[in-house]
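Listed here are the chains, written in short residue letters.
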Amino acid sequence: VHVPEKLDNKPRLAWTQKTTGPGLSGLAVTDGRVLLADKSADKKNDIWRCLNAKTGKELWTLKYAAPGAMPYTNSPRATPAVHDGMVYLLGAFGDLHCVALDTGKVLWKKHLMKDFNAKCPKWGMTATPLIVDDKLIVNPGGEKASVVALDRISGKVIWKAPGQQAAYAPFIYANFGGKRQAVGYDATSRGGWEIATGKRIWSITPPEKGDFNVPTPIAIRDRLLVATENNSTRLYEFANKGKAVRKKPKAKFADLAPDMISPVMYNQMIFGCHDSHLYCLDANSLKLLWKGRDQAYYGFATLIAGNGRVMIMTIEGELLLVRADKKKYELISRLQVLTGEETEVWSHPALVDGRLYIRDKASISCLLLK
């Protein structure tokens, strides 16, 4: 990832476009297009927008009825998933659409709650669909369809795995000991599911209950890193060629316990924000390498690592650049990108070709980077 070496003294915005509703869903940028979730002003319709990445000009929209009350607005939460000219869009109430990237034409659609007899979680459907082979893996959370694989081209059900209600973190693809699997959470535990059949391979229920299970897990070779607010950051190992997990973590770091912020890994280092600190941990031992304190890390933030840097976007619209070094915490530069009453950045930004696409409560902007 081409994270910049330093930031400008002032923001250089290529364009800004107003939106009609707030943004919680992350941004997806591909083939010169920006995909973002929006909501109608009356909060009764989901609106998915496709913009020209260079100019911000709107190319197409998808609009459908999605009324109802939900904490933190009823706007979509899941980031668009894009593959092979198709876009998969999941709304907060379970509306799932497959559309053509070029035109926005609906190719097929499902409703995860209605089609799989599932109950919508309190904070809505948030997990971005996972594409593996020609399967689209989603987590409705139904008793007979906790996790489901759909044919990504036709929408036909390939398999359904029984289980518990849905959690919030996206599923990830992993290969532990040669065993290919989808790894994710349900409301009370985490586990791995066979890609081909949907059979649940392993399960872990943490000792402390009540985790929201929001941060995305990270596969590190044959190990799995997870971080939650009640059980902190842990590193698990696998046995039996990836078919079984060792219940006791190989390592644990108690001070990094995020309720929403997903850690990232870069060059065998784990970076994560919690309680006004940025932590840097050794990815193999979870040993603390350093921590840096800054009020900007309090609350919510998103992290992108690469090019020897970690770039952090805060909820207040400030961008920080930190050196990705094992020896010490070094803040390289910081830049207040967005200002005003509507500045509240929950949406994960996208970094593509020297441009950072940022979504706040009322607009989307394209920031030019060195």
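What counts as what
- Residues numbered from 1 in each chain as written.
- Predicted model: local features only at pLDDT ≥ 70, side-chain atom pairs only at ≥ 80, totals over all residues.
- Heavy atoms only, no water.
- Helix = DSSP H or I, 4+ residues; strand = E, 2+ residues; numbered from the N terminus.
- Rg over C-alpha atoms; globule rule 2.2 N^0.38 Å.
- Buried < 20%, exposed > 50% of the residue type's maximum accessible area, 1.4 Å probe, protein only.
- Contact = heavy atoms within 4.5 Å.
- Areas by Shrake-Rupley, 256 points an atom, 1.4 Å probe, with all protein chains shown as cover.
- Pairing = 2+ DSSP bridges.
- Axes fitted to C-alpha atoms, helices over the stretch in contact; angles between N-to-C directions.
- 1 Å grid on protein atoms, 1.4 Å probe; cavity = no way out; pocket = protein on both sides within 12 Å on 5 of 7 lines; lining within 4 Å.
- Points joined across faces, edges and corners; volume = space filled by probe spheres on them.
- Salt bridge = Lys/Arg side-chain N within 4 Å of Asp/Glu carboxyl O.
- Phe/Tyr/Trp six-rings, centres within 6.5 Å; stacked < 30°, edge-to-face > 60°.

*Asks:* Just to check I follow, could you spell out the overall build of the protein for this structure?
*Replies:* Secondary structure summary: the protein contains 1 helix and 33 strands in total. Relative to the globule expectation of 21 Å for 370 residues, the C-alpha radius of gyration of the protein, 20 Å, shows essentially globular dimensions. Along the first, second and third principal axes, the C-alpha set of the protein runs to 50 × 50 × 35 Å. When the 370 residues of the protein are sorted by exposure, 58% land in the buried category. Considering only contacts within the protein whose residues lie at least 6 apart along the sequence, 50% involve residues at least 24 apart. Counting only carbon and sulfur atoms, one obtains 48% of the accessible surface of the protein, whose full area is about 15,900 Å².

*Asks:* Would you mind going over the sheet that holds strand β29 (residues 318–323) with me for this structure?
*Replies:* The strands that make up a sheet are held in pairs by hydrogen bonds between backbone atoms, and each pair lies either parallel or antiparallel. With antiparallel pairing, the 4 strands of this open sheet are ordered in space as β27-β28-β29-β30. Of all strands in the sheet, those with a lone pairing partner are β27 (301–306) and β30 (331–336), marking the two edges. Here the strands of the sheet are splayed against their neighbours by 15° on average, with no regard to which way each runs. When strand β28 (residues 309–314) meets β29, the two strands line up antiparallel, connected through 5 bridges. Looking at β29, one finds that Ile312 is bridged to Leu320.

*Asks:* Is there a simple way to explain the layout of surface pockets in this structure?
*Replies:* Over the atoms rolls a probe the size of a water molecule, and its path tells where empty space is left. Roughly 1,500 Å³ of internal volume is contained in the largest pocket. For the largest pocket, the lining is made up of 39 residues, of which Thr79, Pro170, Thr216, Ser262 and His348 are closest to its centre. Mapped onto the lining of the largest pocket, the elements with two or more residues apiece are β2 (28–30), β27 and β31 (350–352). Considering every element that reaches the lining of the largest pocket, the biggest residue donor is β27, with 4 residues. Roughly 180 Å³ of volume is contained in the second largest pocket.

*Asks:* Looking at this model, I keep getting lost on the pairing of strand β8 (residues 95–100). Mind explaining?
*Replies:* Note on strand geometry: in a regular strand, side chains alternate between the two faces of the sheet. Within β8, 6 of the 6 residues are buried, leaving the element largely enclosed by the surrounding structure. Of the two faces of β8, the one holding Asp95, His97 and Val99 and the one holding Leu96, Cys98 and Ala100 are both buried throughout. Pairing of strand β7 (residues 86–90) with β8 involves 5 bridges; the strand directions are antiparallel. Paired with Met86 across the strands is Ala100, a residue of β8. In this structure, the hairpin formed by β7 and β8 is closed by a connection of 4 residues, where Gly94 is found at a positive phi of approximately 105°. Note that β8 and strand β9 (residues 106–111) share 5 bridges and pair antiparallel. Of the residues in β9, the one forming a bridge with Cys98 is Trp108. Hairpin connection between β8 and β9: a loop of 5 residues separates the two successive antiparallel strands, and Gly104 in this loop has a positive phi of roughly 80°.

*Asks:* Is there a simple way to think about the pattern of salt bridges in this case?
*Replies:* Any two side chains of opposite charge can pair, on the condition that their charged atoms come close. Under the defined criterion, the tally for this structure stands at 16 salt bridges. A salt bridge links Glu194 to Lys179; its shortest N-O distance comes to 2.8 Å. Placement of the pair is Glu194 in strand β16 (residues 190–194) and Lys179 in strand β15 (residues 179–185), with a sequence separation of 15 residues. For Lys179, a relative accessible area of 18% puts it in the buried group. For the salt bridge of Glu318 with Arg334, the shortest nitrogen-to-oxygen distance reads 2.7 Å. Here Glu318, found in strand β29, pairs with Arg334, found in strand β30; they are 16 residues apart in sequence, far enough to count as distant. In this structure Glu318 comes out as buried when scored by relative accessible area, which is 15%. The exposure class assigned to Arg334 is partly exposed, which follows from its relative accessible area of 36%. The network of salt bridges with shared partners includes Asp38, Arg49, Glu58 and Arg359.

*Asks:* Explain the sheet that holds strand β11 (residues 135–138) here, please?
*Replies:* Pairing is antiparallel in the open sheet, where 4 strands are placed in the order β10-β11-β12-β13. Edge positions in the sheet fall to β10 (130–132) and β13 (157–161), since each has one partner strand and no second. This sheet shows a mean twist of 20° between the axes of neighbouring strands, independent of strand direction. Two elements, β10 and β11, share 3 bridges in a ladder whose sense is antiparallel. Residue pairing across strands places Val132 opposite Lys135, the latter belonging to β11.

*Asks:* Got a minute to help me understand the pairing of β16 in this structure?
*Replies:* Burial analysis of β16 places 5 of its 5 residues in the buried class, the great majority of the element. Across the two faces of β16 the burial is the same, with Arg190, Gly192 and Glu194 and Gly191 and Trp193 all buried. Examined bridge by bridge, β15 and β16 share 5 bridges and lie antiparallel to one another. Bridge pairing in β16 links Val183 to Gly192. From the end of β15 to the start of β16, which pair antiparallel, there are 4 residues.

*Asks:* What am I meant to see in the packing of aromatic side chains here?
*Replies:* Two descriptors summarise a pair of aromatic rings, namely the distance from one centre to the other and the angle between the planes of the rings. Here the structure, examined in full by the defined rule, presents 11 aromatic pairs. Ring centres of Phe271 and Trp290 lie 6.0 Å apart, and the angle between their planes is 50°; on these two criteria the pair is classed as tilted. Highlighted residues: Phe271 in strand β24 (residues 269–274) and Trp290 in strand β26 (residues 288–293), separated in sequence by 19 residues. Centroid distance Trp290 to Tyr329: 5.4 Å. Interplanar angle 55°. Geometry classified as tilted. Taken together, the residues span a long stretch of sequence, with Trp290 in strand β26 and Tyr329 in the loop between β29 and β30 at a distance of 39 residues.

This is a description of form; function is not addressed.
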